[in-house]
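As a plain string of letters, each chain reads:
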Amino acid sequence: MALLDSITHRRTVKPHRPWPRVDVGANGWTQAIDLLTQGRCTLLGLWGDAPMVHMALLASDFRDIAVVSYACEDGSYPSVAARHPPAGKLERAMRDLHGLDAVDSPDNRTWLDLGFWSVRTPLGKRGKAAKPKPYQFLPVEGEGLHQIPVGPVHAGIIEPGHFRFTCNGEHVVRLEQRLGYVHKGIEGLMQGASLDKAAKLAARTSGDSTVAYSFAFAQAVETATQTAVPPRATYLRALMAELERLANHFGDIGAICNDASFAIMLAQCGILRERTLRAAEACFGHRLMMDAIMPGGVAHDLTADGIATLHALLTEVRRVFPRLVELYDSTTSLQDRTVTTGIVKPDYVRQWGTGGYVGRASGRGFDARRLYAPYDSLSFDVPVREDGDVNARIWIRIREVEQSLTLIEQIVGALPAGEIQTPIKTIAKSCEGMALAEAFRGDVLVWLRLGAEGNVERCHLRDASWFQWPLLETAIEGNIVADFPLCNKSFNCSYSGHDI
Amino acid sequence: MRRSLLDSLHGPLTEPAPAPDAAGLAELAKAVNRAARARLGRSLSIRQVDAGSCNGCELEIHALNNAFYDLERLGLRFVASPRHADVLMVTGPVTKNMREALQRTYHATPDPKWVVAVGACAADGSIFAGSYAVEGGVKDVVPVDLHIPGCPPNPRQLLAGLLALLQKVA
């Protein structure tokens, strides 16, 4: 049964592609929340478009997607988080950015607005910022507890964010995150931007997932304007996406082991990562492949030399990687740190709709690649485990590396001939598009509305991290402080993608 | 067992370092202090601060530690605290939310110190300039001695910039 069959709606908004968007009243909004609480669907996104609130839903069998929209007549809407906690941070962000208020929200604290902006609700009715109230962390009570504040500036070469640990001896009793430090106002800059500028902004939402964001943004524009992209461009996009996945998974596998003081894996995986980035540069002109995908196609064609480079990369990875996997698997002192550390409960992953290796290591097999071309004509497995610990998240990455290698082989083998770009179709009136792309850490969502002139009116970007960060707070509970870097790296959530 | 797993996986990988960046040398010519040079010798400790980057620059800064670039052979190393650092390597357009943290990190770094602004955003905010949430380039918040351009700069560009710094100050 389709999701919208259970939701009373007034009208279907057109044109919104490829999935339907409907206007609902209080009744339909409540029914949508009912579906979430019953586990019949997960929250795919919740964002403001003042005076509207949009909620994207993904059916639990991953076969249906729909967007329901509620008009906030007095600047407020019934809170989703009051009954479905995964919406909590999204509602707080929406209040900060759009000034839209969730009625009966369980948490009225700010989230992205840390009190340093000169404007209030920058994406809604702008006002002068008021003097910020001191941020209250959640209370923790008990004898012998102490707090460890960490960040926003951390000890490594990583992004900024604040972690507030409450500990009993070595054991973490509660972790509370405070993020928002790298909020750049990307969605504000998107408003009115040309497609060219907007694509560049999307590509810089989270640098490690630049290909995935460009892919999703381009797909959203193309589906909105009904522009058909040449098949060769679609294949090249997937090739870039798999190279990006390989590079990041190599980096992560090495870095997780390094956080257990097993530096040789970092050194060895770092070599594979560097070789992957060099292959990407040889094929597409940029190590991270930034701006290599744009609406209408791709910027660089793959040459015969590029294909030879890719074959050499595959040969080298297949020679080296299995030995590193064996090294990981046979080092008991390392396994002692990763096995049973930082367990994420399968129930949480299902409730939160958590994507990527965090979800797949705890039994949720969603992979957005099942939804778009060219993956429908490629063969690959989505590895899933149930154990949900740091070790499981490493193994999911290992299996995904193997899948990416076969995907690259298939793509190069079946690469269609022809053009790599097509102009975006001009549109007569405003239209909306939405797309998902599977980044290395999970699904990213891009939703946009183009104006009749072809500029972006509103664009929302939702990183996979939104539904992963909160589960890191649960994973560390009862673990020792020294295992936090290990847990954190096994998640490797994006700060920039989350803070937008 | 472990030995046989990794034996002869790779030959030597470390590559010759690039020449110091000429533009960087010119920018630094102003900032050199002879006394500081004597004190530091040929080594610099670097503290990296992400003041709002998309994390692309961080990926390439990380790469400086891999076997191909091997930053430490040149006397450069990353340290965990600004209190241990000679150089702050700052990325990103400085967001309003990070302005204070960056200033506090700068003041926590002992003199003599240098600030290297890495990437297009760190120069002037780049594509994020003009946002309600962005302060601008790093120089709008703390004094900058050297800019390394690029989006993101690749590891060779980063090395060339750092070598210019090493040549001038250490």
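See the structure printed just above.
Below or above, wherever it landed, is the structure these notes cover.

Cut-off values and rules
- Residues numbered from 1 in each chain as written.
- Chains lettered and ligands numbered in written order.
- Predicted model: local features only at pLDDT ≥ 70, side-chain atom pairs only at ≥ 80, totals over all residues.
- Helix = DSSP H or I, 4+ residues; strand = E, 2+ residues; numbered from the N terminus.
- Buried ≥ 20, exposed ≤ 12 C-beta atoms within 10 Å, placed from the backbone.
- Contact = placed C-beta atoms within 7 Å.
- Core = buried A, V, L, I, M, F, W, Y, C linked by C-beta atoms within 7 Å.
- Pairing = 2+ DSSP bridges.
- Axes fitted to C-alpha atoms, helices over the stretch in contact; angles between N-to-C directions.

### Quick word on the overall build of chain B
1) Next: A tally of regular secondary structure across chain B gives seven helices and seven strands.
2) Next: Listing the helices and strands of chain B from first to last along the sequence gives α-α-α-β-α-β-β-β-α-β-α-β-β-α.
3) Next: Expressed as a percentage of the 170 residues in chain B, the buried residues total 51%.
4) Next: Within chain B, residue pairs in contact and separated by at least 24 positions form 84% of the contacts whose partners lie at least 6 positions apart.

### Looking at the environment of B:Val138
Residue and element names in this part refer to chain B.
1) Next: Summarising the element assignment, Val138 is placed in the loop between β6 (134–136) and β7 (146–148).
2) Next: Of the residues examined, Val138 has 31 C-beta atoms within 10 Å and is grouped as buried.
3) Next: On a C-alpha basis, the gap between Val138 and Val90 in space is 7.2 Å, while along the polypeptide they are 48 residues apart.

### Section: the nonpolar core
Here is a general trend for soluble globular proteins: nonpolar side chains tend to be buried in one another's company.
1) Next: In this structure, A:Leu57, A:Ala216, A:Val446 and B:Val90 are the most contacted members of the largest nonpolar core, which totals 214 residues.
2) Next: With 15 residues, the top contributor of residues to this core is helix α6 (residues 231–258) of chain A.
3) Next: Among residues more than four places away in sequence, those in contact with A:Val446 are A:Ala202, A:Ala216, A:Phe217, A:Ala220, A:Ala435, A:Cys459 and A:Leu461.

### Things to note about the sheet that holds strand β4 (residues 41–49) of chain A
Residue and element names in this part refer to chain A.
1) Next: Taken together, the five strands give an open sheet; going across it, the order is β1-β3-β6-β5-β4, and neighbouring strands pair in mixed fashion. Of all strands in the sheet, those bounded by a partner on one side alone are β1 (11–13) and β4. For this sheet, the mean angle separating the axes of adjacent strands, direction not counted, is 30°.
2) Next: Judged from the four bridges that link them, strand β3 (residues 21–24) and strand β6 (residues 65–71) form a sheet pairing that is parallel. In the strand pairing of β6, Asp23 is matched with Ser69.
3) Next: Against the sheet, helix α1 (residues 26–37) touches β3, β4, β5 (52–59) and β6, its axis set at about 140° to β6.

### Quick notes on the sheet that holds strand β18 (residues 456–462) of chain A
All names here are of chain A.
1) Next: Here we have four strands laid out as an open sheet, ordered β2-β16-β17-β18, and mixed in their pairing. With one partner strand each, in any of the chains shown, β2 (16–17) and β18 form the two edges of the open sheet.
2) Next: Across two bridges, the pairing between β2 and strand β16 (residues 431–439) is parallel. By the bridge assignment, His16 is partnered in β16 with Glu432.
3) Next: Across the sheet, helix α5 (residues 210–225) lies against β2, β16, β17 (442–450) and β18, angled at about 150° from β16, the strand it touches most.

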